[in-house]
Amino acid sequence: MRRGVREWLVLAGTLVVVFGGLSLFGLMSPDHALRGTYLLGVAMTVAIYALLALGLSVEMGYAGLLNFGHVAFMGLGAYGAAVFVLKQRDAVVPALQGAQPWAFAVIALIALCLGFLVYALALQVAQRFAKRRRVAIGIAAALGLAAAIYAGATMYPLGPRGALNATVFLGVLIGIAASTLAGLVVGLAGLRLREDYLAIATLGFSQVVFLLTLNEADITNGSQGIQSVPRPIFDWATHTQWMKDLAKHWNVLPTGLANAAMGILCVAIAFVLLETLARAPWGRVLKAIREDEDVAASLGKNALLYKLQALMIGSALAAVAGILFIWNVASVVPEDFLAIVTFYSFAILVLGGVGNHKGAIVGAILIWGIFELAGNLTSLPFFTQHHIAFAGPPQAILVGLVLILVVMLRPQGLVGSKEEMSLGK
Amino acid sequence: MDLSAWLQPVANGLVFGAILALCAIGLTLIYGILNLSTFAHGDTLTFGAYMAFLFGTSLYLGARIVPLALGVAIVIGLAVLADRLWTRKLARLERWVLAGFALALALDAAYVQWRQPGAWLGTTDRVLVLATLLGIAATVLLSVLLELALWRPLRRRGATVLSLVIASLGLSLILRNAIQMAFGGDQVSLQRTVDASRSYLGVYVSNAQWLTLALAALVILGVHLFMSRTRTGKAMRALADNRDLARVCGIDVNRVVVHVWVLAAALVALAGVLLCLNQNNSLRTDMGFNVIIPIFAAVLLGGIGSPYGAMVGGLVVGLAMRIGPAKYDIAWAFLVLVAVLILRPQGILGRKA
């Protein structure tokens, strides 16, 4: 228990230090409103990367899977949502409302993916039931989701572009489903392999996804990307009076406030879900598989199934991060999803501590905090005379150093523990 | 469609495959012997190419003293390292290689000094030869230093596959971005004479492509002789085969590992220069990272730890990438990779573990 307290203290400490330091820089800026909004923007980026790292934390920390193509799942989520909303809504939503036969196939596919996710999450509740019951619970969850999706698609009228309407709602689901489905396929192909083979294969997968988004211009609009993606949170914040009042009270922009709140909410939900899972039998089985697959198998646990579930949950979280990302910047281009994003997420996880979900959040705050602090430092007059910009290569070099130094000096990361998963042994 | 339209991609694929084979030989040995799937191998290629560019540019600009001094320093550094690493007198092979290298450097430097750069068209190519040699030396030095500072401590600590892969990822990031900080993110070009190409039954093959094929064939022959005739080469194969058995037989693992890094770095730096020659002499900071998946595909296809397998694998992957539609070239390599992983994880020339 004391360790738990220490971890929370580390988390709170990093928060205070990073955001305190950033607001100190903000004191020098004359524009008060920009300062608060800037901090909210940093919080949003931290939230997106924390979600990515949480996904990796399930995959690597709990299942021992090395996924070097994490950004591909983020990209699939983002593109799934954006492409659906902007290109297919005229075709798909009326079809759903008119209940064409093939529309049910679409619903069934989405529901199956998401249902499988729900099934994995429901496992901890269902663990005490017999196997057949668990399957029944999974199917029920899938059916329930299908009903919810159908209701969501048909109940809401087609609102103005950007409003939180059925199309956006469906787009989110499709983005998550596409990513989860890709996780399933990649897992089925790659999970029987050694850990470093999986790393190579997933890195290749992410490069192929990048080429697809770049070259399949009919669907993704190629290197131009998709501009003016609807931003439901943004639009909602600009049209809601109490939100505007609240933002005015704190002297920030309402849109920044709503975005950051959404991001922090997503991270909080994901964290609570993953912690519950980790404490449930499901998490313990995963850890057992990570430590020794044969022992887990001898106790009747299907290692492949558990790893698949971990991979799908990680992919779904990456998709959520991708959707938050496009809601934040309102556009999506292939270059948003380069391998460097995966590597940043890895640095975050490794720095915070593999095998500990708090570590992912601590790492995200620290890495982006360091980036922003260094960026602010180098924009001080002394540095600007020497034209030092802290973006791109210096950030990546720092991340590379973090990876190597943590592996060499403190394999368990900042809040990890040696008895748990660590990179050392 | 006539024949040449079919043969042209085959010719291009063979050339590209030869470059991939050069990269894959080193990686397969590192992978097999150290159990280290290093993602930094591609960026080592970039490093080699940029070092050649650096030396080439400064040589061509006439400031010959600086790169020559650097080159001499690098060769001396290598010799000192060699002396520290192999406390006994240098083995015969190393003596020959170092002596030959120094001789080649000296001859070429003398030649370049003698002929003013640009006095006649061949001179830029002579500068390039010298620059490539210096680039290879710099890359070898970097690799050996990294082995001493990074990989050997990690190995001694018994680091897992997971942490080794992550460390290599960090190294790859540092290398690539340090190069980008030093040389800028834009494309740069090697100084070279205009590349002529000739038609053979409608199939165009440029001089650079012939050069690549010839050099690759020579180097691969050399690697074959090295692997089959010399004690060090045999020790490498023994280590890749069964590390513990080799150690019991009295093979000094750390010493052989340094040789592996030297060989891998030299091959990959040469491949880097050849790769730019085949891309209109252009260098980009992500040129190495972009071919890491094809290189891994070649390694896995050939079977980890098998240099002959890597040669075959490189050619197959190169052909696959050039015969398929160009905008998805990485995807074809990825398909080969996935097919191998699923159908025959031990590779075509590998054996089941």
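Residues numbered from 1 in each chain as written. Chains lettered and ligands numbered in written order. Predicted model: local features only at pLDDT ≥ 70, side-chain atom pairs only at ≥ 80, totals over all residues.

**What to know about the overall build of chain A**
Then step 1. Across its full length, chain A carries 18 helices and zero strands.
Then step 2. Classification of the 425 residues of chain A by burial places 51% in the buried group.
Then step 3. Of all intrachain contacts in chain A linking residues separated by at least 6 positions in sequence, the fraction that spans at least 24 positions is 78%. (Helix = DSSP H or I, 4+ residues; strand = E, 2+ residues; numbered from the N terminus. Buried ≥ 20, exposed ≤ 12 C-beta atoms within 10 Å, placed from the backbone. Contact = placed C-beta atoms within 7 Å.)

**Remarks on the overall build of chain B**
Then step 1. Each helix and strand counted, chain B has 14 helices and four strands in total.
Then step 2. Across the 353 residues that make up chain B, the buried fraction comes to 50%.
Then step 3. Across chain B, every contact between residues at least 6 apart in sequence was considered, and the portion connecting residues at least 24 apart equals 79%.

**Points about helix H1 (residues 3-34) of chain B**
Residues and elements named next belong to chain B.
Then step 1. Between the first and last C-alpha of H1 there are 45 Å, a value that for 32 residues agrees with the 46 Å anticipated at 1.5 Å per step.
Then step 2. At Ala24, H1 shows its strongest bend, of approximately 25 degrees.
Then step 3. Of the residues trailing H1, Asn35 is marked for its positive phi of about 55 degrees. (Expected span 1.5 Å × (residues − 1). Bend = angle between axes of the 7 residues up to and from the residue.)

**Some details on the packing of H1(B) against helix H12 (residues 292-302) of chain B**
All names here are of chain B.
Then step 1. Running from N to C, H1 and H12 cross one another at 65 degrees; their axes reach a closest spacing of 9 Å. Crossing of H1 over H12 shows right-handed handedness. Contacts from Leu20, Ala21, Cys23, Ala24, Leu27, Thr28 and Tyr31 in H1 reach Pro294, Ile295, Ala298, Val299 and Gly302 in H12.
Then step 2. Partitioning the contact of H1 with H12 into residue classes produces ten nonpolar, two polar and no charged. (Axes fitted to C-alpha atoms, helices over the stretch in contact; angles between N-to-C directions. Left-handed = near helix turned anticlockwise from the far one by under 90°. Nonpolar A, V, L, I, M, F, W, Y, C, P; charged D, E, K, R; others polar.)

**Some words on the packing of helix H11 (residues 254-279) of chain A against helix H14 (residues 303-329) of chain A**
All names here are of chain A.
Then step 1. Across the interface, H11 lies against H14 with an axial gap of 11 Å and an inter-helix angle of 175 degrees. Here H11 is positioned roughly antiparallel relative to H14, judged by the angle of their axes. Along the contact surface, H11 presents Asn259, Met262, Gly263, Cys266 and Ala270, while H14 presents Leu317, Val320, Leu324 and Asn328.
Then step 2. When the residues that make up the contact of H11 with H14 are grouped by side-chain class, the tally is six nonpolar, three polar and no charged. (Parallel < 35°, antiparallel > 145°, perpendicular 65-115°, else oblique.)

**Here we look at unusual backbone geometry**
Then step 1. In this structure, Ala330(A) is a non-glycine residue whose phi angle is positive, near 65 degrees.
Then step 2. Mapping Ala330(A) onto the fold places it in the loop between H14 and helix H15 (339-352).
Then step 3. With 15 C-beta atoms counted inside 10 Å, the residue Ala330(A) sits in the partly exposed group.
Then step 4. Even without glycine at this site, Asn35(B) takes up a positive phi of about 55 degrees.
Then step 5. By the secondary structure assignment, Asn35(B) is in the loop between H1 and helix H2 (41-60).
Then step 6. Judged by C-beta crowding, with 15 C-beta atoms within 10 Å, Asn35(B) ranks as partly exposed.

**Observations concerning the nonpolar core**
Then step 1. By size, the foremost hydrophobic cluster in this structure holds 242 residues, and its most contacted members are Leu51(A), Leu403(A), Ala21(B) and Cys23(B).
Then step 2. Among the elements that make up this core, the one with the highest residue count is helix H10 (residues 253-277) of chain B (20 residues).
Then step 3. For this core, the domains that each give at least three residues are domain 1 (31-336) and domain 2 (338-425) of chain A.
Then step 4. Residue contacts for Leu51(A): discarding those within four places in its chain leaves Cys266(A), Val267(A), Ala270(A), Leu317(A), Val320(A) and Ala321(A). (Core = buried A, V, L, I, M, F, W, Y, C linked by C-beta atoms within 7 Å. Domains from an automatic or database assignment.)

**Quick notes on the pairing of strand S2 (residues 197-200) of chain B**
Residues and elements named next belong to chain B.
Then step 1. Two strands pair when backbone bridges link them, and S2 and strand S3 (residues 203-206) are joined in this way by four bridges, in the antiparallel orientation. Within the sheet, the bridge partner assigned to Arg198 lies in S3 and is Val205.
Then step 2. Linking two consecutive strands that pair antiparallel, namely S2 and S3, is a turn of two residues; a positive phi of about 55 degrees is found at Leu201 within it. (Pairing = 2+ DSSP bridges.)

**A short note on the domain arrangement of chain A**
It is common to give the size of an interface as the accessible area that goes away when the parts come together.
Residue and element names in this part refer to chain A.
Then step 1. Split into domains, chain A comes out as domain 1 (31-336) and domain 2 (338-425).
Then step 2. Taken residue by residue, the interface counts 28 residues in domain 1 and 21 residues in domain 2.
Then step 3. Contributions of two or more residues to the side of domain 1 that touches domain 2 are made by helix H2 (32-62), helix H3 (70-98), helix H7 (195-215) and H11.
Then step 4. The element that contributes the greatest number of residues to the side of domain 1 that touches domain 2 is H2, accounting for 13 residues.
Then step 5. Of the residues that constitute the side of domain 1 that touches domain 2, the class distribution is 19 nonpolar, six polar and three charged.

**Quick notes on the environment of Gly69(A)**
Residues and elements named next belong to chain A.
Then step 1. Of note, Gly69 is situated in the loop between H2 and H3.
Then step 2. In sequence terms Gly69 and Ala201 are 132 residues apart; their C-alpha atoms lie 8.2 Å from each other.
Then step 3. Contact partners of Gly69, with chain neighbours within four places excluded, come to Thr202, Leu203, Phe205, Ser206 and Thr342.

**A word on the interface of chain B and chain A**
Then step 1. Each side of the interface is counted separately: chain B has 35 residues, and chain A has 32 residues.
Then step 2. Secondary structure elements with two or more residues in the side of chain B that touches chain A: helix H5 (122-156), helix H6 (161-183), H12 and helix H14 (329-343) of chain B.
Then step 3. The element best represented in the side of chain B that touches chain A is H6(B), accounting for 15 residues.
Then step 4. Here the residues of the side of chain B that touches chain A sort into 26 nonpolar, seven polar and two charged.

**Brief notes about H6(B)**
Then step 1. Over its 23 residues, H6(B) runs 33 Å from end to end, which matches the ideal 33 Å to within 8%, given 1.5 Å per residue.
Then step 2. With 18 of 23 residues buried, H6(B) is to be regarded as a mostly interior element.

**Structural notes on the confidence of the model for chain A**
The predicted coordinates of low-pLDDT regions are not to be read in fine detail.
All names here are of chain A.
Then step 1. Per-chain confidence: chain A averages 78 in pLDDT, with 73% of residues scoring 70 or above.
Then step 2. Put simply, helix H17 (residues 381-384) is where chain A has its lowest mean pLDDT, 58, and H15 is where it has its highest, 90.
Then step 3. For residues 156-164, every residue scores under 50 in pLDDT, and the model assigns this stretch 16 contacts once sequence neighbours within four places are set aside. (pLDDT = per-residue confidence, 0-100.)

**A look at the environment of Lys287(A)**
Then step 1. Topologically, Lys287(A) is positioned in helix H12 (residues 281-291).
Then step 2. In this structure the C-alpha to C-alpha distance between Lys287(A) and His357(A), which are 70 residues apart in sequence, comes to 14 Å.

**Quick notes on the confidence of the model for chain B**
All names here are of chain B.
Then step 1. The pLDDT averaged across chain B works out to 81; a share of 80% of its residues lies at or above 70.
Then step 2. No element of chain B has a lower mean pLDDT than helix H3 (residues 65-85), which averages 65, and none a higher one than H12, which averages 91.
Then step 3. Between residues 118-122, whose pLDDT stays under 50, and residues either more than four places distant or in other chains, the model counts two contacts.
Then step 4. This complex was scored by the predictor with a pTM of 0.84 and an ipTM of 0.83.

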